[in-house]
Every structure is written in C-alpha cells, then in structure tokens.
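Observations on chain architecture
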Amino acid sequence: MWLLLAFSFLLTSTAAQEGGKLLKGEECAPHSQPWQVALYERGRFNCGASLISPHWVLSAAHCQTRSMTVHLGEHNLRKRDGPEQLRAVSRVIPHPGYEARSHRHDVMLLRLAQPAHLTPQVHPVTLPTRCPSPGEACVVSGWGLVSNNEPGTTGSPESQVSLPDTLHCANISIISDTSCNKDYPGHLMNTMVCAGAEGGGTDSCEGDSGGPLVCRGVLQGIVSWGDVPCDTTTKPGVYTKVCHYLEWIREIMKRT
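An account of the accompanying structure is given in this report. In this text, all values refer to a predicted model and were calculated from it rather than measured experimentally.

Each value, and the rule that gives it
Residues numbered from 1 in each chain as written. Predicted model: local features only at pLDDT ≥ 70, side-chain atom pairs only at ≥ 80, totals over all residues. Heavy atoms only, no water. Helix = DSSP H or I, 4+ residues; strand = E, 2+ residues; numbered from the N terminus. Polar contact = N/O pair within 3.5 Å; in protein donor to acceptor, adjacent residues only side chain to side chain. Core = buried A, V, L, I, M, F, W, Y, C linked by side-chain atoms within 4.5 Å. Buried < 20%, exposed > 50% of the residue type's maximum accessible area, 1.4 Å probe, protein only. Salt bridge = Lys/Arg side-chain N within 4 Å of Asp/Glu carboxyl O. Arc of directions from axis to C-beta. Contact = heavy atoms within 4.5 Å. Pairing = 2+ DSSP bridges. Axes fitted to C-alpha atoms, helices over the stretch in contact; angles between N-to-C directions.

1. Brief notes about the environment of Asp 208
Looking at the secondary structure, you find Asp 208 in the loop between β17 (202–205) and β18 (212–215). Sequence separation of Asp 208 and Leu 145 is 63 residues, and the distance between their C-alpha atoms is 7.8 Å. A distance of 3.0 Å separates a polar atom in the side chain of Asp 208 from the backbone nitrogen of Gly 144.

Here it is, written out as structure tokens:
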C-alpha cells in the first residue's frame, strides 16, 4: 500500500548495514539545517517546509490548512533557545494543478507577513539549477516519526515509533526512476523523485511532509508521499521534484 504522508515526521529506522554497523537517522546538529521550517496549525506542529528567501517558504500542497504559522530557527520544538522566529502567513499559494489522489504537483508557496531576519540559524536554502542525479547524496530532515524497527518487519513487539522533540536528519540518496517505478508501478510522474537508503529503512515518514530533501546544499525535493507503514517499509520515499517547478516558483515570487 502507498499513501500520502499526511502529517510530517522523519523516519529513522534501521537502514543498510555497513561494516557491521546499523545506519540510522539521528538528531541533526542543532541549526545545521538553517532553512528548515516548522509549520504550525493553531499552535500544533503540522508539517515541515523550507525557507527559500526572506519572504517565502516552500512546502507540500497537502500540508495546507486554514490557519498556518511559520516557525524558523527551531531545533527542539519544546524549548526556546534563542534563534527562533515566528511569522504569520500572508498568502498561501498551492500549485493550481495539485491532485490529492495522485499527489501530482504537491507543492505550495507561503508568503511571510514579515520577512525572516537572516542569521546563521535562519537562512534560505539554494534552489536547484539542474535536476538531481541517481546516486546523489542527500539529507532529509524533519520532526517526523522516528522508529527503531528493522526494515521489512511488521508487528514486532520491540517496535518503537515516537515523535521527537528535536530535528532529525538522515543521509539518503537519489533512487533512479527505473528502480523506483518497480516499487510504485504506475504511480510515479516526471514531477517526482525518489530517495532512500540501500536496503531501505531510512526515509521520511509521517510528520516530515513538506520538508526539505537537500542534495549538495541544494533543495532538490519536498517530502510528499511513500509506502506505509513507513517505519517498516524498504521502499524509498517519494518527493516533489523542485527543479520541475522553478519557473512557477519564480513567477509567483516575482508578481506577489
């Protein structure tokens, strides 16, 4: 079964074995992802997003809610340690072609009511000048569900899935369309890109939705959807391919 990641959390379940060690997503070094945004709905964390300019945030269209607040410079969502900035949203612009059922055009721009104050802990991510290549190393980050499950196991009594307070990061890589099509036959589009770890198990999960997939310092993906349950699947996550939307993003930013 495949399903939209309707919330937004980083899965950090067991990944590929390398030299006898189990690779896992881990807590990010605080403020090492200064473009990471937390979207709140009526005081509750809802989704991830990325700061792309002092005035604009990029997220997934399926993260749209009636009332959104942008939190910048966050690491631990339960603590204030100084760099945090809160901003109201003045405009919400989901892609006009977004389709919830197919996840087509799962991208959304948010204009901040007041621009972000740029600091070392709050800084925009670079937009791509090219599309990502298979095998390219990337980092996905978010406050999504974290798990200690072994990939491919279900119903394990040792299964532990939790929502972390701190931002988590996972090292994954771009998966070729050919390979990903085998996992999701008939569901991939040219506006999507897949990423994961060899052997599966490290991926985005519920709560990470809308968050960044950053490859070589460039925003190449937006967490969109994937297999469920994401804490036990070996299939890669599917991301909105940012390079496909550069013209749309720039046109909106220019005229709004």
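The structure having been displayed, the exposition proceeds.
2. Some points on the nonpolar core
Ile 52, Leu 58, Val 70, Leu 109 and Ile 249 are the most contacted members of the largest nonpolar core, which totals 36 residues. Only β6 (36–41), β7 (44–53), β8 (56–59), β9 (69–72), β10 (85–94), β11 (108–112), β19 (218–227) and α2 (246–255) provide two or more residues apiece to this core. Of all hydrophobic cores here, the second largest spans 12 residues; its members include Val 140, Val 193, Leu 213 and Cys 215.

3. Describing the pattern of salt bridges
Across all of its chains, the model carries 5 salt bridges by this definition. Across the pair Glu 136 and Arg 130 runs a salt bridge whose closest N-O atoms are separated by 3.0 Å. Residue Arg 130 is classed as partly exposed on the basis of its relative accessible area, which comes to 38%. If you follow the salt bridges from partner to partner, you end up with Arg 130, Glu 136 and Arg 216 in one network.

4. Things to note about α2
Taken together, the buried positions of α2 are occupied by Leu 246, Trp 248, Ile 249 and Ile 252. One side of α2 carries all its buried residues, which in axial view fall inside an arc of 165°. Pointing more than 90 degrees away from the buried face of α2 are the exposed residues Glu 247, Lys 254 and Arg 255. On its buried face, α2 sits against β7, β8, β10 and β11.

5. A short note on unusual backbone geometry
In this model, His 31 sits at a positive phi of 65°, which is unusual for a non-glycine residue. Its location among the elements puts His 31 in the loop between β5 (26–27) and β6. Unlike most non-glycine residues, Arg 216 shows phi in positive territory, near 55°.

6. Some thoughts on the sheet that holds β9
On the basis of which strands lie adjacent, the closed barrel formed by 6 strands has the order β6-β7-β8-β11-β10-β9 and antiparallel pairing. The average undirected angle you get between the axes of adjacent strands in this sheet is 40°. In the sheet, β6 pairs with β7 via 6 bridges, with the strands oriented antiparallel. Within the sheet, the bridge partner assigned to Leu 39 lies in β7 and is Cys 47. The sheet strands contacting α2 are β7, β8, β10 and β11, and the helix crosses β11 at an angle near 25°.

By themselves, these are just geometric observations and shouldn't be taken as functional.
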